[in-house]
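# Residue-level structure breakdown
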Amino acid sequence: MNYSFADYRLRDKIFMKIPILGGVIINKLHRVKTKRNIKRNKVRAYRELEIGPGLKRLEGFETLNIIDGRSVDYIADISEKLPFVDESFDLIYASHVIEHVPWFLQKQLFSELFRILKPNGVLEIWVPNFKKVLNVANAYLENGENLTGNDGWYRFNEEKDVMTWVNGRIFTYGDGTANPMSFNWHRCVYTPESLENYFRNAGFSNVRKMTNAEVRGVDHGWINLGMKGVKKNEIRNNTRT
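The structure reproduced in this document is the subject of the present report. (Residues numbered from 1 in each chain as written. Predicted model: local features only at pLDDT ≥ 70, side-chain atom pairs only at ≥ 80, totals over all residues. Heavy atoms only, no water.)

Right, let's talk about the overall build of the protein chain for a bit. Along the protein chain, the regular secondary structure elements total 6 helices and 7 strands. Secondary structure of the protein chain in N-to-C order comes out as α-α-β-β-β-β-α-β-α-α-α-β-β. Its C-alpha atoms give the protein chain a radius of gyration of 20 Å, near enough to 18 Å, the size a compact globule of 241 residues would have. Pairs at least 24 apart in sequence give 63% of the contacts found in the protein chain among residues at least 6 apart. Entry remark: accessible area of the protein chain is about 13,600 Å², with carbon and sulfur atoms responsible for 54%. Side-chain charges in the protein chain split into 36 positive and 28 negative, and the spacing between the mean points of these groups amounts to 9 Å. (Helix = DSSP H or I, 4+ residues; strand = E, 2+ residues; numbered from the N terminus. Rg over C-alpha atoms; globule rule 2.2 N^0.38 Å. Contact = heavy atoms within 4.5 Å. Areas by Shrake-Rupley, 256 points an atom, 1.4 Å probe, with all protein chains shown as cover. Lys, Arg positive; Asp, Glu negative; His and termini not counted. Charge placed at Lys NZ, Arg CZ, Asp CG, Glu CD.)

Shown next as structure tokens:
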């Protein structure tokens, strides 16, 4: 079980000690909080949504996460239908989040994000760049080079072994205990081309790569791949014939 952020951690642990009923109580609390915040925020003229916030929200953003926390407004699983009406948000931002959704649900996810954006709304996505992982692996396999220093990320890899780094970047480490139910496993990889295709196939226009200067929150550095697209306002012809 992944517990909530910060001050909610103790509450969830207490409830989860109660077989069956504990989970029911937590889910009920999550639904109540989500519905309350949807009602409160729907009157805002300009709305920005961050999916997968850390302990501190981006200024001005509403927040959605799979687990609760002080900085979370809505608790929901983005691999499922989202709890918002059509055309709710002007901007959606997700940094190193969507790779935790299974690869076979990515099309559905992008369709949902498109649905809840307003016309001319913007989607900004950051994920690990799998093309860079491939390049590092190929350099090692073909020439014996260790280029992992470009990244400098060595979680559970004190030896700075190339293939250990490759596995870490592809699958990550869950919650660090080999718990298969952890939300933190990676379940999809992206190249610039594949990420752009997800945007375009969902209906986004003006799709382009972003630079690290456009990161709004935590900058993941060298491994970062950012993409941005716009939900164009469709002009409907209502002329009667």
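Ile98 and Leu195 are the most contacted members of the largest nonpolar core, which totals 33 residues. Sorting the residues of this core by element identifies β1 (48-51), β4 (89-95), α3 (106-116), β5 (117-128), α6 (192-202) and β7 (224-230) as the ones contributing at least two each. For this core, the element with the most residues is α3, which contributes 5 residues. Not counting the four nearest positions on each side in its chain, isoleucine 98 is found in contact with Ile78, Gln106, Leu109, Phe110, Ile125, Val127, Tyr190 and Leu195. (Core = buried A, V, L, I, M, F, W, Y, C linked by side-chain atoms within 4.5 Å. Buried < 20%, exposed > 50% of the residue type's maximum accessible area, 1.4 Å probe, protein only.)

Before going further, it helps to spend a moment on the packing of helix α4 (residues 130-143) against helix α5 (residues 162-171). Direction vectors running N to C along α4 and α5 enclose 165 degrees, while the axes themselves pass 10 Å from each other. By the criterion of interaxial angle, the relationship of α4 to α5 is roughly antiparallel. For the crossing formed where α4 meets α5, the hand is left-handed. Residues Phe130, Val133, Val136, Ala137 and Tyr140 of α4 touch α5, and the partners they reach there are Val162, Met163, Trp165, Val166, Arg169 and Ile170. Class assignment for the residues of the contact of α4 with α5 results in 10 nonpolar, no polar and 1 charged. (Axes fitted to C-alpha atoms, helices over the stretch in contact; angles between N-to-C directions. Parallel < 35°, antiparallel > 145°, perpendicular 65-115°, else oblique. Left-handed = near helix turned anticlockwise from the far one by under 90°. Nonpolar A, V, L, I, M, F, W, Y, C, P; charged D, E, K, R; others polar.)

Moving on, we come to the environment of tryptophan 165. Topologically, tryptophan 165 is positioned in helix α5. The exposure class assigned to tryptophan 165 is buried, which follows from its relative accessible area of 1%. Remark: the alpha-carbon pair of tryptophan 165 and valine 133, spanning 32 residues in sequence, is separated by 8.9 Å.

Enumeration over the complete set of coordinates arrives at 14 salt bridges. Linking arginine 44 and glutamate 62 is a salt bridge whose minimum nitrogen-to-oxygen distance equals 3.3 Å. Taken together, the positions of arginine 44 in the loop between α2 (21-41) and β1 and glutamate 62 in strand β2 (residues 62-65) put the pair 18 residues apart, joining distant regions of the chain. Classification of arginine 44 as partly exposed rests on a relative accessible area of 31%. Classification of glutamate 62 by relative accessible area gives buried; the value is 1%. Between arginine 115 and glutamate 112 there is a salt bridge, and its shortest N-O distance comes to 2.8 Å. Linking arginine 115 with glutamate 112, this pair stays in helix α3, spanning 3 residues, or about one helical turn. By relative accessible area, arginine 115 is classed as buried at 15%. The network of salt bridges with common partners includes Arg40, Arg57 and Asp73. (Salt bridge = Lys/Arg side-chain N within 4 Å of Asp/Glu carboxyl O.)

To continue, consider the environment of glutamate 62. Sequence-wise, glutamate 62 and glutamate 50 are 12 residues apart; in three dimensions their C-alpha atoms are separated by 6.1 Å. Within polar-contact distance, the side chain of glutamate 62 engages the side chain of arginine 44 at 3.3 Å. (Polar contact = N/O pair within 3.5 Å; in protein donor to acceptor, adjacent residues only side chain to side chain.)

The residue glutamate 87 is not glycine, and still its phi comes out positive at about 55 degrees. Tracing the backbone through its elements, the reader meets glutamate 87 in the loop between β3 (74-75) and β4. Classification of glutamate 87 by relative accessible area gives partly exposed; the value is 41%. One non-glycine residue with positive phi stands out, namely phenylalanine 156, at about 60 degrees. Note on placement: phenylalanine 156 falls in the loop between α4 and α5.

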